[in-house]
Amino acid sequence: MRRKQCGVTLLELIIVIAVLAIATTTVVPGMQKLFENTARRSQMQSMVGLFHLARTEAVSQGTIVTICPLDASNQCTGDWQRPVHVFADPDNQRALTSNQAVFRVKEPPESGNWHVRVGNRGYFQYRPNGMARGTLGNLTWCPESGDETNAGQLIINMGGRLRYAQDQSGDGIVQGSSGQPVSCP
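Presented here is a report on the structure given in the accompanying data block. Here the residue numbering is sequential within each chain, running from 1 through the sequence in written order. Whole-chain, interface and lining totals are the exception, using all residues; otherwise, since this is a predicted model, local features are given only for residues with pLDDT of at least 70 and side-chain atom pairs are given and counted only at 80 or more. Hydrogens and water molecules were not included; the side-chain quantities draw on all heavy atoms of the structure.

1. Considerations on the packing of aromatic side chains
- Any two of the Phe, Tyr and Trp rings considered here, Trp counted by its six-membered ring, make a pair once their centres fall within 6.5 Å; the pair's planes then place it as stacked at under 30 degrees, edge-to-face at over 60, or tilted in between. Tallying each qualifying case throughout the model produces three aromatic pairs.
- Here Phe-51 and Phe-124 contribute two aromatic rings whose centre-to-centre distance is 5.2 Å and whose plane-to-plane angle is 75 degrees, an arrangement assigned as edge-to-face. Placement of the pair is Phe-51 in helix α1 (residues 10-61) and Phe-124 in strand β5 (residues 124-126), with a sequence separation of 73 residues. Per residue, the accessibility class of Phe-51 equals that of Phe-124, and both read buried.
- Of the aromatic side chains, those joined through ring pairs into one cluster are Phe-51, Trp-80, Phe-124 and Tyr-126. Helix and strand assignments follow DSSP, with helices taken as H or I runs no shorter than four residues and strands as E runs no shorter than two, numbered in order from the N terminus. Per-residue accessibility, obtained with a 1.4 Å probe over protein chains only, is compared with the maximum for each type, and a residue is labelled buried under 20%, exposed over 50%, and partly exposed between these values.

Encoded structure:
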(Lines give C-alpha, C1' and ligand atoms only; values in the text may rest on other atoms or scores of the structure.)
Protein backbone atom coordinates (compact mmCIF):
# COMPACT_ATOMS: atom_id res chain seq x y z
CA MET A 1 0.00 0.00 0.00
CA ARG A 2 1.29 3.42 -0.99
CA ARG A 3 1.43 6.21 1.45
CA LYS A 4 -0.32 9.45 0.46
CA GLN A 5 2.13 12.35 0.28
CA CYS A 6 1.34 15.70 1.83
CA GLY A 7 3.48 18.58 0.76
CA VAL A 8 4.78 20.37 -2.29
CA THR A 9 7.54 19.65 -4.67
CA LEU A 10 10.46 21.97 -5.20
CA LEU A 11 9.12 22.87 -8.66
CA GLU A 12 5.72 23.83 -7.25
CA LEU A 13 7.37 25.96 -4.59
CA ILE A 14 9.51 27.79 -7.19
CA ILE A 15 6.43 28.49 -9.32
CA VAL A 16 4.51 29.92 -6.36
CA ILE A 17 7.45 32.13 -5.37
CA ALA A 18 7.80 33.39 -8.94
CA VAL A 19 4.09 34.25 -9.15
CA LEU A 20 4.27 36.08 -5.80
CA ALA A 21 7.34 38.02 -6.92
CA ILE A 22 5.61 39.13 -10.14
CA ALA A 23 2.46 40.10 -8.26
CA THR A 24 4.44 42.03 -5.67
CA THR A 25 6.40 44.05 -8.24
CA THR A 26 3.19 45.10 -9.99
CA VAL A 27 1.01 45.74 -6.93
CA VAL A 28 3.38 47.52 -4.53
CA PRO A 29 4.01 50.66 -6.66
CA GLY A 30 0.26 51.06 -7.14
CA MET A 31 -0.30 50.73 -3.42
CA GLN A 32 2.33 53.38 -2.69
CA LYS A 33 0.56 55.79 -5.03
CA LEU A 34 -2.75 55.02 -3.33
CA PHE A 35 -1.26 55.64 0.13
CA GLU A 36 0.33 58.92 -1.03
CA ASN A 37 -2.93 60.11 -2.61
CA THR A 38 -4.79 59.34 0.59
CA ALA A 39 -2.16 61.16 2.69
CA ARG A 40 -2.30 64.18 0.36
CA ARG A 41 -6.09 64.43 0.54
CA SER A 42 -6.03 64.08 4.31
CA GLN A 43 -3.31 66.70 4.79
CA MET A 44 -4.88 69.16 2.35
CA GLN A 45 -8.34 68.86 3.92
CA SER A 46 -6.90 69.25 7.38
CA MET A 47 -5.04 72.41 6.38
CA VAL A 48 -8.11 73.85 4.63
CA GLY A 49 -10.10 73.25 7.82
CA LEU A 50 -7.43 75.06 9.81
CA PHE A 51 -7.58 78.11 7.55
CA HIS A 52 -11.39 78.15 7.54
CA LEU A 53 -11.37 78.08 11.32
CA ALA A 54 -8.83 80.93 11.46
CA ARG A 55 -10.88 83.08 9.10
CA THR A 56 -14.12 82.37 10.96
CA GLU A 57 -12.55 83.17 14.34
CA ALA A 58 -11.01 86.40 13.02
CA VAL A 59 -14.46 87.60 11.96
CA SER A 60 -16.40 86.31 14.96
CA GLN A 61 -13.82 87.50 17.54
CA GLY A 62 -13.14 90.77 15.70
CA THR A 63 -9.36 90.34 15.96
CA ILE A 64 -6.29 89.34 13.99
CA VAL A 65 -5.79 85.59 13.87
CA THR A 66 -2.38 84.11 13.07
CA ILE A 67 -1.63 80.68 11.61
CA CYS A 68 1.93 79.45 12.03
CA PRO A 69 4.22 76.84 13.51
CA LEU A 70 5.83 78.00 16.74
CA ASP A 71 9.43 77.64 17.87
CA ALA A 72 10.55 76.86 21.43
CA SER A 73 9.97 80.48 22.51
CA ASN A 74 6.41 80.49 21.03
CA GLN A 75 7.40 82.78 18.15
CA CYS A 76 6.19 82.09 14.61
CA THR A 77 8.75 80.14 12.61
CA GLY A 78 8.94 79.08 8.99
CA ASP A 79 9.34 75.39 9.84
CA TRP A 80 6.00 73.92 8.79
CA GLN A 81 7.07 70.42 9.84
CA ARG A 82 6.30 71.54 13.40
CA PRO A 83 2.80 71.71 14.93
CA VAL A 84 0.80 74.55 13.35
CA HIS A 85 -1.10 76.84 15.73
CA VAL A 86 -4.13 79.03 15.09
CA PHE A 87 -4.38 81.75 17.70
CA ALA A 88 -5.80 85.20 18.41
CA ASP A 89 -3.09 87.79 17.83
CA PRO A 90 -4.72 91.16 18.62
CA ASP A 91 -1.40 92.99 18.98
CA ASN A 92 0.07 91.42 15.82
CA GLN A 93 3.02 89.97 17.71
CA ARG A 94 3.15 86.74 15.69
CA ALA A 95 3.90 85.02 18.95
CA LEU A 96 1.78 83.18 21.45
CA THR A 97 1.52 84.77 24.88
CA SER A 98 -0.28 83.39 27.89
CA ASN A 99 -3.36 85.58 27.49
CA GLN A 100 -4.05 84.70 23.85
CA ALA A 101 -6.63 82.17 22.77
CA VAL A 102 -5.39 79.11 20.88
CA PHE A 103 -8.18 77.92 18.61
CA ARG A 104 -6.51 74.79 17.28
CA VAL A 105 -3.19 73.01 16.91
CA LYS A 106 -2.53 70.81 13.88
CA GLU A 107 0.12 68.18 14.43
CA PRO A 108 2.81 67.76 11.75
CA PRO A 109 2.10 65.26 8.99
CA GLU A 110 3.01 61.64 9.70
CA SER A 111 4.25 61.36 6.14
CA GLY A 112 5.15 63.95 3.55
CA ASN A 113 6.24 67.54 4.03
CA TRP A 114 4.76 71.01 3.80
CA HIS A 115 6.63 73.65 1.80
CA VAL A 116 5.19 77.11 2.41
CA ARG A 117 5.77 80.33 0.51
CA VAL A 118 4.51 83.49 2.18
CA GLY A 119 6.90 86.09 0.88
CA ASN A 120 9.58 86.50 3.53
CA ARG A 121 7.23 85.47 6.35
CA GLY A 122 6.61 82.14 8.00
CA TYR A 123 2.99 82.82 8.94
CA PHE A 124 -0.46 83.64 7.61
CA GLN A 125 -2.90 86.08 9.17
CA TYR A 126 -6.54 87.05 8.87
CA ARG A 127 -8.01 90.46 9.64
CA PRO A 128 -11.25 90.95 11.57
CA ASN A 129 -13.05 91.40 8.22
CA GLY A 130 -11.91 87.94 7.03
CA MET A 131 -9.38 89.22 4.51
CA ALA A 132 -5.80 88.00 4.42
CA ARG A 133 -3.53 90.38 6.28
CA GLY A 134 -0.70 90.89 3.79
CA THR A 135 0.10 87.20 3.72
CA LEU A 136 -0.68 85.89 0.27
CA GLY A 137 1.05 82.67 -0.53
CA ASN A 138 0.74 78.97 -1.01
CA LEU A 139 1.24 75.72 0.83
CA THR A 140 2.57 72.73 -1.09
CA TRP A 141 2.38 69.22 0.31
CA CYS A 142 4.91 66.73 -1.07
CA PRO A 143 4.97 62.99 -0.40
CA GLU A 144 8.03 61.31 1.08
CA SER A 145 8.84 59.86 -2.35
CA GLY A 146 9.07 63.35 -3.87
CA ASP A 147 6.73 62.28 -6.70
CA GLU A 148 5.19 65.52 -8.00
CA THR A 149 2.18 63.64 -9.40
CA ASN A 150 1.12 63.04 -5.79
CA ALA A 151 1.82 66.60 -4.60
CA GLY A 152 -0.86 69.20 -3.92
CA GLN A 153 -0.95 72.92 -3.38
CA LEU A 154 -3.29 75.33 -1.60
CA ILE A 155 -3.28 78.93 -2.82
CA ILE A 156 -4.42 81.81 -0.60
CA ASN A 157 -5.70 84.98 -2.26
CA MET A 158 -6.01 88.51 -0.85
CA GLY A 159 -9.62 87.85 0.08
CA GLY A 160 -8.34 85.13 2.41
CA ARG A 161 -9.85 82.33 0.38
CA LEU A 162 -8.07 79.10 -0.36
CA ARG A 163 -8.23 77.17 -3.57
CA TYR A 164 -6.74 73.88 -4.61
CA ALA A 165 -4.18 74.07 -7.41
CA GLN A 166 -5.36 72.15 -10.48
CA ASP A 167 -3.66 70.18 -13.25
CA GLN A 168 -4.48 72.41 -16.21
CA SER A 169 -1.98 70.85 -18.62
CA GLY A 170 -3.05 67.22 -18.17
CA ASP A 171 0.47 66.03 -17.31
CA GLY A 172 -0.58 64.69 -13.90
CA ILE A 173 1.15 67.49 -11.95
CA VAL A 174 -0.82 70.43 -10.54
CA GLN A 175 0.15 73.92 -11.62
CA GLY A 176 0.95 76.10 -8.65
CA SER A 177 0.20 79.77 -8.05
CA SER A 178 2.91 80.72 -10.57
CA GLY A 179 1.26 78.68 -13.34
CA GLN A 180 4.17 76.26 -13.37
CA PRO A 181 4.00 72.62 -12.26
CA VAL A 182 4.71 72.23 -8.56
CA SER A 183 8.04 70.70 -7.66
CA CYS A 184 9.02 68.71 -4.63
CA PRO A 185 12.55 69.31 -3.35
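There is more to say after this.
2. Structural notes on the sheet that holds strand β4 (residues 113-117)
- Paired strands, in this sense, are two strands between which DSSP finds at least two bridges. Here four strands make up an open sheet; going across it, the order is β4-β6-β7-β8 and the pairing antiparallel. Each end of this open sheet is capped by a strand with a single partner; those strands are β4 and β8 (162-164). Strand after strand, the sheet turns through a mean of 20 degrees between neighbouring axes, direction not considered.
- Of the strand pairs in this sheet, strand β7 (residues 152-156) and β8 are connected by three bridges, and their pairing is antiparallel. A fitted line through C-alpha atoms serves as each axis, taken over the contacting stretch for helices, and the angle formed by two N-to-C directions is quoted from 0 to 180°.

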